[in-house]
Amino acid sequence: MGDFESLSEATSGAIGSLLSTTILYPLDTCKTKYQAEVRAHGQRRYRHLSDVLWEAISNGQFLSLYQGLGTKNLQSFISQFVYFYGYSYFKRLYLEKSGSKKIGTKANLLVAAAAGACTAIATQPLDTASSRMQTSAFGKSKGLWDTLTEGDWSNAFDGLGISLLLTSNPAIQVGVTGFIKYTVFDQLKLKLLKGNQASLSAFTAFLLGALSKSIATCLTYPAIRCKVMIQSAEADENNHKKKAKRKASKTLSGVVFAIWRKEGVTGFFKGLHAQILKTVLSSALLLMIKEKIAATTWVVLLAIRRSLLAQNGRLKSA
C-alpha cells in the first residue's frame, strides 16, 4: 500500500507540473533568454524582460516563445514524478525505520535532498536541452535529438554540479529551490488543516507555495543564473572560435568571471524579478493543482488496481 501511495503522490505531482509548465511557458522562455545574456550595461540586447517578448512579436515569431515546450514538458513531468515518488518513498522509509509517527524538519530536508539529487541526475540531459532550445534564436531551435547530440554526451550534463548543489549542499538546504517549497509546504499544511478538513483551499495552497518558493529563489538565485548561462545555446554555432570560447567559458568559474567582469556584483542578480515571477507562479500553481487532483488521482489509481487484481483473480480461477 505504501508504494501505491508513492505512485499516487508522484502522478498527481507530475500532472500538476505539466499543466503549470504549459501555462507559463512563454514567460519561462522570456526569462531564460534574459538571464542567459551577459553583456556590459551599454551593450545589452535585452534591457528589460519585456524586450524579449517584443522581439518575438516584432519579428512575427510569437509562436517561437513555445520552442522547446515538448522537451520542457517531458523534463518537467519526469522530474516531478521522480521527485514526488522519491520524496514519498524516502519519507515513508524513514518513518518505518525510525518508528516515528511524524518526520521532523531536519529529517524532512535530508529526505527531500535525496529525492532532489535523484531527480537532478535523471533529468539533467532534458533540462540542458530545453534551456538550449529556449535560448536559441527565435525560429531556429533544433529538435531534442539534434540538440542533445550537438557535442559529446558530457555536454548533455552541463550544469549538473550546480543542480546537485541546489538540492544536496547542507550549507544552503533551507534555500534549495528543488525542494524547500515542498518541505515548508508540508509543515505549514499540517498546522493549517483542522478537524475533518481533507485538503487545503486552492487559495491557501497558492499562498503557501508562493511564500516558500520566493524565499528559496532569493537565496539561490546566483547559482540559478550561472546554471542557465552554462546550459544556454550560442548565437553562432558555426563560428569555430566561438565554439572554442564556449568550451572554456561554460564552466562555473568561467561563468562567474564573465558576470563579474561585464556586469559586476549586481549581475549575479540580473533577472531575479523575472525568476521570482515565473517560479512563484509555477510552484504555486503546481502545488495548488496537485492538492486538488490528489484525491482524484488516488481514486483512479485505486480503481485501476482493483480492476487488475480482479482480472488476475479470474485468470487464476479459470
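- With an unreviewed UniProt entry as reference, the protein chain is termed Peroxisomal adenine nucleotide carrier 1, source organism Linum tenue.
- In the Subcellular location (unreviewed entry) part of its UniProt record, the protein chain is described as follows: "Peroxisome membrane".
- Listed in UniProt under the heading Sequence similarities (unreviewed entry), the comment for the protein chain reads: "Belongs to the mitochondrial carrier (TC 2.A.29) family."

As for the overall build of the protein chain
Here is step 1: Helix and strand counts for the protein chain come out as twelve helices and zero strands.
Here is step 2: Beginning at the N terminus, the succession of helices and strands in the protein chain can be written as α-α-α-α-α-α-α-α-α-α-α-α.
Here is step 3: Taking as baseline every contact in the protein chain between residues at least 6 positions apart, the subset at least 24 positions apart corresponds to 78%.
Here is step 4: Element-wise, carbon and sulfur atoms account for 63% of the exposed surface of the protein chain, whose accessible area totals about 16,100 Å².

Regarding the packing of aromatic side chains
Here is step 1: In total, this model carries six aromatic pairs according to the counting rule given.
Here is step 2: Considering the side-chain rings of Tyr25 and Tyr66, the 6.4 Å spacing of their centres and the 25° angle between planes classify their relative orientation as stacked. Of the two residues, Tyr25 is situated in helix H2 (residues 25-36) and Tyr66 in the loop between helix H3 (49-58) and helix H4 (69-98); the sequence distance between them amounts to 41 residues.
Here is step 3: Tyr25 gets classed as buried once you look at its relative accessible area, which sits at 0%.

As for the pattern of salt bridges
Here is step 1: Within the structure shown, the criterion is met by eleven salt bridges.
Here is step 2: Between Glu150 and Lys142 there is a salt bridge whose closest N-O contact spans 3.1 Å.
Here is step 3: For Glu150, a relative accessible area of 37% puts it in the partly exposed group.
Here is step 4: Residues Lys270 and Glu263 are paired through a salt bridge, measuring 3.9 Å at the closest nitrogen-oxygen approach. Comparing Lys270 with Glu263 shows no difference in burial state: the two are buried.
Here is step 5: Here the salt bridges share partners, and the residues they tie into one network are Asp28, Lys31, Lys72 and Lys278.

A short note on a nonpolar patch on the surface
Here is step 1: A grouping of Ile15, Leu18, Leu19, Ile23 and Phe77 is seen on the molecular surface, where their side chains present a nonpolar patch of about 400 Å² in accessible area.
Here is step 2: With four residues, the top contributor of residues to the nonpolar patch is helix H1 (residues 2-23).
Here is step 3: Examined against the element boundaries, Ile15 turns out to sit in helix H1.
Here is step 4: Residue classification places Ile15 among the partly exposed residues on the basis of a relative accessible area of 33%.

Comments concerning the packing of H2 against H3
Here is step 1: Two numbers describe how H2 lies on H3: the axes approach to 8 Å, and their chain directions differ by 115°. With respect to each other, H2 and H3 are oriented roughly perpendicular. Relative to H3, H2 is oriented so that their crossing is right-handed. Mapping the contact onto sequence places Leu27, Cys30, Lys31, Lys33 and Tyr34 in H2 and Leu49, Val52, Leu53 and Glu55 in H3.
Here is step 2: Residue classes in the contact of H2 with H3 are distributed as six nonpolar, no polar and three charged.

What counts, and at which threshold
- Residues numbered from 1 in each chain as written.
- Predicted model: local features only at pLDDT ≥ 70, side-chain atom pairs only at ≥ 80, totals over all residues.
- Heavy atoms only, no water.
- UniProt positions renumbered as here; feature names shortened; annotations may be inferred.
- Helix = DSSP H or I, 4+ residues; strand = E, 2+ residues; numbered from the N terminus.
- Contact = heavy atoms within 4.5 Å.
- Areas by Shrake-Rupley, 256 points an atom, 1.4 Å probe, with all protein chains shown as cover.
- Phe/Tyr/Trp six-rings, centres within 6.5 Å; stacked < 30°, edge-to-face > 60°.
- Buried < 20%, exposed > 50% of the residue type's maximum accessible area, 1.4 Å probe, protein only.
- Salt bridge = Lys/Arg side-chain N within 4 Å of Asp/Glu carboxyl O.
- Patch = residues over 30% accessible without salt bridge, like charges linked within 9 Å, V, L, I, M, F, W, Y side chains within 5 Å.
- Axes fitted to C-alpha atoms, helices over the stretch in contact; angles between N-to-C directions.
- Parallel < 35°, antiparallel > 145°, perpendicular 65-115°, else oblique.
- Left-handed = near helix turned anticlockwise from the far one by under 90°.
- Nonpolar A, V, L, I, M, F, W, Y, C, P; charged D, E, K, R; others polar.

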